[in-house]
Amino acid sequence: MSKRFFTYMLLIAVAFSAVAQVNVTGKVIDKESNEPLTGASVIVKGTDGKIKKFASSKADGAFAMTLPSVTGCRLEVAMMSFAKQSIPLDSVTFPLTVYMEPGTTLLKEVTVKADRIREQGDTITYNVGSFAQQQDRSIGDVLKRMPGIDVAKNGKIQYQGEDINKFYIEGSDLLGGKYGIATNGISHDDVGAVEVMENHQPMQVLSGISFSDKAAINLKLKNKAKATWTFHGDAGGGYSWQPEGAIWDGELFTMAVMPGFQNITTFRTNNTGEDLSSSSIDFFAGRRNTGLSRYVSVGLPGVPSLSDKRTLFNRS
């Protein structure tokens, strides 16, 4: 008797379970072509808006899900290039056929930002656009804002308080120690990134043999500044009554960075008395003991003062 009772109760439980489960089935069809759609997203949401079940349509457009109840639920079907469908499930008979009509899917706006500072091994890369400001004129103005980098008025660069030992443009040592021409001359808008190569050994023959605690700078140019000539400059003029006469001050900077060929040419002139010699200082001369100060001394008695007119031309 007890065995029959147990079997009877088990059948009731199975029947109750079968009644309690709802099979949400159907197909997703393209309304225009009447063809099944594969890969459509099929979601069942409850009254609270939360997802209860989800599935994707198969090759024949079919989908199938099982839920305890669909009371108050909605079926949402979405697919790229088709208008989203939302169907209340309270009074729906399954299997269900969902017809999708062509439409547009609005995507949220996505903003891609480059890393401000990126580190890889001994190389630290600064994104110039992240540090540049509207009033900046040269790459030197932007370098001053980069952490760890200091730039003097004459263009001399220090990293972590130490003088750099090389200055490259696209990996080439074009200017040697006279890199102040580039620091104060290259437009920041032509430079995409600044690479700081820590522990840089400038002599390749000593690489891996002799350690260096100095860093080097490498400018990575934007594509628009490569394989073409770039020009920029400014000029000003006026009239002075003390002393009487016309005055001028101007400069021109040209650059070309091409495969197998690099050129930087600068021309500066003024008659205001501004000393232009700082524009062509060799910052590595002291390291090589080739500074002219060891051989030339100006200031002897009877030597006339220099003219106010200044002209400086440099081609590298």
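Throughout, a residue's number is its position along its own chain's written sequence, starting from 1. Per-residue local features are limited, in this predicted model, to residues with pLDDT of at least 70; the limit for side-chain atom pairs, both in listing and counting, is 80 or more; totals at the level of whole chains, interfaces and linings are taken over all residues. To get the side-chain values, all heavy atoms of the structure are used, and hydrogens and water are removed first.

1. Here we look at the confidence of the model for the protein
Step number 1: Note: pLDDT gives the predictor's confidence per residue, expressed from 0 to 100. Taken over all residues, the pLDDT of the protein has a mean of 76, while the share at 70 or more is 62%.
Step number 2: Secondary structure follows DSSP: runs of H or I at least 4 residues long count as helices, runs of E at least 2 residues long count as strands, and numbering of each begins at the N terminus. At the level of individual helices and strands, the protein shows its lowest average pLDDT in helix 1 (residues 2-20), which scores 51, and its highest in strand 7 (residues 96-100), which scores 94.
Step number 3: For residues 13-18, every residue scores under 50 in pLDDT, and the model assigns this stretch zero contacts once sequence neighbours within four places are set aside.
Step number 4: Note on contacts: a residue pair is in contact if any heavy atoms of the two residues lie within 4.5 Å. Within the model, the stretch residues 292-306 combines pLDDT values under 50 with two contacts to residues more than four positions away or in other chains.

2. Re the sheet that holds strand 15 (residues 216-221)
Step number 1: We call two strands paired when DSSP finds no fewer than two bridges between them. On the basis of which strands lie adjacent, the open sheet formed by five strands has the order 8-9-14-15-13 and mixed pairing. Looking along the sheet, the strands with just one partner apiece sit at the ends: strand 8 (117-120) and strand 13 (166-169). This sheet shows a mean twist of 20° between the axes of neighbouring strands, independent of strand direction.
Step number 2: Relative to strand 14 (residues 191-197), strand 9 (residues 123-127) is paired through five bridges, and the arrangement is antiparallel. Each bridged residue has a counterpart across the sheet, and for Thr125 the counterpart in strand 14 is Glu195. Lines fitted to the C-alpha atoms define the axes, with helices restricted to the stretch that makes contact. Angles between their N-to-C directions range from 0 to 180 degrees.

3. Observations regarding the side chain of Asn165
Step number 1: Its location among the elements puts Asn165 in the loop between strand 12 (162-163) and strand 13.
Step number 2: Only protein chains enter the accessibility calculation, which uses a 1.4 Å probe; a residue is then buried when its area is under 20% of its type maximum, exposed when over 50%, and partly exposed in between. On the basis of relative accessibility, which here comes to 4%, the residue Asn165 falls in the buried class.
Step number 3: Between N or O atoms, a polar contact is any pair within 3.5 Å; within protein, one atom must be a potential hydrogen donor and the other a potential acceptor, and residues adjacent in sequence are included only when both atoms are from side chains. A distance of 2.8 Å separates a polar atom in the side chain of Asn165 from the backbone oxygen of His200.

4. Remarks on the packing of aromatic side chains
Step number 1: Any Phe, Tyr or Trp ring, taking Trp's six-membered ring, that has another such ring centre within 6.5 Å forms a pair; planes under 30 degrees apart are called stacked, those over 60 apart edge-to-face, and the others tilted. Under the criterion given, the structure shown has two aromatic pairs.
Step number 2: A ring pair is formed by Tyr126 and Phe131, whose centres lie 6.0 Å apart and whose planes are at 65°; its orientation type is edge-to-face.
Step number 3: For the cation-ring pair, Arg116 lies above Phe131, with the distance from its terminal atom to the ring centre recorded as 4.0 Å. A ring has a charge above it when a Lys NZ or an Arg CZ is no more than 6 Å from the ring centre and no more than 35 degrees off the ring normal.

5. Side note on the nonpolar core
Step number 1: Counting 31 residues, the largest nonpolar core has Ile149 and Val194 as the members making the most contacts within it.
Step number 2: Not counting residues within four places of it along the chain, the set of residues in contact with Val194 comprises Ile124, Thr125, Tyr126, Val128, Ile139, Leu143, Met146, Ile217, Asn218 and Leu219.
Step number 3: What we call a nonpolar core is a set of buried Ala, Val, Leu, Ile, Met, Phe, Trp, Tyr and Cys residues that are connected through their side-chain atoms within 4.5 Å. Counting residues in each nonpolar core, the second largest holds 20 residues, with Val28, Phe82, Val98 and Met100 among its members.

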